[in-house]
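Structural overview for review
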Amino acid sequence: MNESQVKEVLSTILYPGFQKDIVTFGFVKNININETALVIDLEITSSAKEVEEMLKGEMGFKLKQAGATELTINIKKPDEPRETSSKGKNLAPQVKNFIMVSSGKGGVGKSTTTVNLAVALAMQGKKVGILDADIYGPNVPRMMGIVGAKPEVQGQSVLPIEAYGVQTISMGSLMEEGQSLIWRGSMIMKVIEQLLQDISWGELDVLVIDMPPGTGDAQLTLAQSIPVTAGLTVTTPQQVSLDDSRRSLDMFKKLHIPIAGIVENMSGFICPETNKEYDIFGKGTSEVVANEYDTKILSEIPIEPAIREGGDGGKPITYHQPESKTAKEYMLLASNLWTFIEKVNEEGIATNEAIQPTSGASACSTAAAPQQPSHGGGGCGSHGGDGQGGCGCGH
Ligand SMILES: Nc1ncnc2c1ncn2[C@@H]1O[C@H](COP(=O)(O)OP(=O)(O)O)[C@@H](O)[C@H]1O
Ligand SMILES: [Mg+2]
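All of the points below concern the structure found in this document. (Residues numbered from 1 in each chain as written. Chains lettered and ligands numbered in written order. Predicted model: local features only at pLDDT ≥ 70, side-chain atom pairs only at ≥ 80, totals over all residues.)

**Re the overall build of the protein chain**
Tallying secondary structure elements over the protein chain gives 12 helices and 14 strands in all. For the protein chain, the share of sequence-separated contacts (at least 6 apart) that also reach a separation of at least 24 residues comes to 74%. (Helix = DSSP H or I, 4+ residues; strand = E, 2+ residues; numbered from the N terminus. Contact = placed C-beta atoms within 7 Å.)

In structure tokens, the structure reads:
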């Protein structure tokens with residue numbers, strides 16, 4: 001066989017879990033042909049042994065069928081992701097790490113960030129899930145291209161829907177399209193708990209959680225139910241959004257969630273015709289807020305029509321235009337975030353012990369409760385009427 005014949009065979013082999021082949025992904029690093037001996041060097045992004053075995057099996061079979069006799073396949077993989085060292089209550093213990101994507105305001109790009117970040121992490125070989133916890137405006141199904149797909153039910157549990165190598169569940173997939181739901185405090189608690197407990201999340205390296213905007217019951221319940229490894233705040237650069245992002249960062253602090261940083265979204269606009277940059281909402285303005293909370297801007301994502309089109313069309317830019325500057329920015333965000341997660345695990349600081357309603361220091365009786373601007377009270381002030389004491393603090 002010659003090199004182009006070998007390449008042709010390799011380009012029929014899909015990377016497990018994806019619709020793209022290993023040549024297109026750029027995983028084939030070297031093909032060495034020496035008379036009858038064929039040596040192929042591959043560098044993949046997954047550390048999972050099954051992925052390596054599947055690839056070796058399929059490559060061996062197809063190349064031998066095409067005429068290869070002496071075949072050596074070397075596969076280089078990253079190290080296994082480290083076990084988490086988180087403590088406290090965990091309703092989804094098979095998930096190693098949790099990223100909470102939050103913002104003070106709606107419409108700043110939380111769901112867009114969640115989707116592209118999750119896809120980037122999956123492309124980097126992590127086992128990834130998305131929990132769309134925005135029960136008021138579940139947009140993840142559209143952005144992941146799974147509108148109308150219904151999750152499979154197995155006995156008592158529900159299987160997430162897979163797209164772009166990411167396991168996804170959303171209220172949007174569980175209820176009828178266009179239906180609105182009105183949630184009371186105790187119902188929010190229940191549904192968040194069910195989304196963690198009754199979904200068959202596999203053994204995930206990381207679950208990326210898209211939150212409703214603001215700092216309310218959903219955030220508090222989630223933080224009490226799982227030890228969040230990393231809090232990510234999404235903001236746009238204008239002052240009114242920054243004001244709200246402070247509230248989101250303050251909430252992370254009160255809920256003892258390690259702050260990974262800020263994504264400044266819609267940060268500048270590069271005109272495709274003139275290549276000139278315009279600061280529509282401003283740019284770099286979140287630096288001040290980042291400093292106040294001893295954190296940093298992890299990413300500046302410009303306003304780009306392709307991002308919006310990718311969202312509306314269910315075709316995340318990170319997957320569909322991997323060569324674009326923005327896709328590379330999301331890939332960088334994913335790897336920086338992963339470094340942060342490893343550091344948190346090393347230090348063992350992901351814990352929700354201190355914010356448990358039963359741990360003595362109740363989430364409502366201490367400063368640990370996030371403010372609820374709409375009710376003006378503390379973390380459980382809104383549960384007064386529903387009889388169940390939303391945060392279990394006896395109110
Ligand atoms: N950087 C960007 N460039 C262009 N459009 C964007 C960008 N980020 C988000 N959008 C679009 O803005 C709208 C709101 O974003 P979304 O992620 O739904 O915000 P949120 O989840 O915070 O409410 C969506 O239509 C999305 O496609
Ligand atoms: Mg959203």
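**Here's the deal with the pairing of strand β10 (residues 206-210)**
Across the five residues that make up β10, a large majority, five, are buried. Residues of β10 alternate between two faces, with Val 206, Val 208 and Asp 210 on one and Leu 207 and Ile 209 on the opposite face, all of them buried. Here strand β4 (residues 98-102) pairs with β10 via four bridges, running parallel. The residue bridging Phe 98 from the neighbouring strand is Leu 207, located in β10. Both strand β5 (residues 128-132) and β10 contribute to a ladder of five bridges, which runs parallel. Residue pairing for β10: Ile 130 is matched across the bridge by Val 208. (Buried ≥ 20, exposed ≤ 12 C-beta atoms within 10 Å, placed from the backbone. Pairing = 2+ DSSP bridges.)

**Considering the site of ligand 1**
Close to ligand 1 lie 17 residues; Lys 110, Ser 111, Thr 112, Arg 308 and Gly 311 are nearest. For the shell around ligand 1, the elements supplying multiple residues, two or more each, are α3 (110-123), β12 (259-270), β14 (297-303) and α10 (305-313). Grouping the constituent residues of the shell around ligand 1 by class yields five nonpolar, nine polar and three charged. (Near = placed C-beta within 6 Å. Nonpolar A, V, L, I, M, F, W, Y, C, P; charged D, E, K, R; others polar.)

**Overview of the nonpolar core**
Ranked by size, the top nonpolar core spans 76 residues in total, and within it Ile 99, Met 100, Ala 118, Val 208, Ile 209 and Leu 337 carry the most contacts. The greatest single-element share of this core, amounting to nine residues, is contributed by helix α12 (residues 325-347). Not counting residues within four places of it along the chain, the set of residues in contact with Met 100 comprises Ile 209, Met 211, Leu 222, Val 228, Gly 231, Leu 232 and Ile 257. Counting residues in hydrophobic clusters, the runner-up holds 13 residues, among them Val 6, Leu 10, Ile 22 and Leu 38. (Core = buried A, V, L, I, M, F, W, Y, C linked by C-beta atoms within 7 Å.)

**Some details on α10**
Those residues of α10 lying buried are Ile 307, Gly 310 and Gly 311. In a view along the axis of α10, the buried residues occupy a sector of 100°, so they form one face of it. Of the exposed residues in α10, the ones pointing more than 90 degrees away from its buried face are Pro 305, Glu 309 and Asp 312. Each element contacted by the buried residues of α10 is listed here: α3, α4 (140-143), α11 (317-320) and α12. (Arc of directions from axis to C-beta.)

**Some details on the sheet that holds strand β1 (residues 28-34)**
Read from one edge to the other, the open sheet built from three strands follows the order β1-β2-β3, with strand pairing classed as mixed. In the strand order of this sheet, the two ends are held by β1 and β3 (70-76), each with one partner. Direction aside, neighbouring strands of the sheet carry axes that sit 10° apart on average. Across six bridges, the pairing between β1 and strand β2 (residues 37-43) is antiparallel. Residue pairing for β2: Asn 30 is matched across the bridge by Asp 41. Running at roughly 155° to β3, helix α2 (residues 49-65) makes contact with β2 and β3 of the sheet. (Axes fitted to C-alpha atoms, helices over the stretch in contact; angles between N-to-C directions.)

**As for the pairing of strand β11 (residues 230-235)**
Burial of β11 is extensive: six of the six residues sit out of reach of the surface. Side-chain alternation along β11 places Ala 230, Leu 232 and Val 234 on one buried face and Gly 231, Thr 233 and Thr 235 on a second face that is also buried. As paired strands, β4 and β11 are joined by four bridges and run parallel to one another. For Ile 99, the partnering residue across the bridge sits in β11 and is Ala 230. Here five bridges tie β11 to β12, and the two strands are oriented parallel to one another. Looking at the pairing, Val 234 lines up with Val 263 of β12.

**Things to note about α2**
With 17 residues, α2 extends 24 Å between its outermost C-alpha atoms, agreeing within 8% with the 24 Å of an ideal straight helix rising 1.5 Å per residue. All of the buried residues along α2 are Leu 55, Met 59 and Leu 63. Take α2 and look down its axis: the buried residues cluster within an arc of 40°, on one side only. Exposed and oriented more than 90 degrees from the buried face of α2 are Lys 49, Glu 50, Glu 53, Gly 57, Phe 61 and Gln 65. Just past α2, the residue Gly 67 takes up positive phi, approximately 120°. (Expected span 1.5 Å × (residues − 1).)

**Re unusual backbone geometry**
Backbone geometry places Tyr 164, a non-glycine residue, at a positive phi of 50°. Mapped onto the elements, Tyr 164 comes out in the loop between β8 (161-163) and β9 (166-170). Given 26 C-beta atoms within a 10 Å radius, Tyr 164 is considered buried. In this structure, Met 266 is a non-glycine residue whose phi angle is positive, near 60°. Note that Met 266 resides in strand β12.

**Let's talk about the environment of Met 143**
Checked against the element boundaries, Met 143 lands in helix α4. Spatially, the C-alpha atoms of Met 143 and Val 115 are 7.1 Å apart, while their sequence positions differ by 28 residues. Setting aside residues up to four positions removed in sequence, Met 143 forms contacts with Ser 111, Thr 112, Val 115, Gly 311, Gly 314 and Pro 316.

**Remarks on the packing of helix α6 (residues 185-197) against helix α7 (residues 217-225)**
Orientation of α6 relative to α7, taken along the N-to-C sense of each, is 40°, at an axis distance of 9 Å. Taken together, the axis directions place α6 and α7 in an arrangement best described as oblique. Judged by the sense of rotation from one axis to the other, the crossing of α6 with α7 is right-handed. Seen from α6, the contacting residues are Gly 185, Ile 188, Met 189, Ile 192, Glu 193 and Leu 196; seen from α7, they are Asp 217, Ala 218, Thr 221, Leu 222 and Ser 225. Taken together, the residues of the contact of α6 with α7 break down into six nonpolar, three polar and two charged. (Parallel < 35°, antiparallel > 145°, perpendicular 65-115°, else oblique. Left-handed = near helix turned anticlockwise from the far one by under 90°.)

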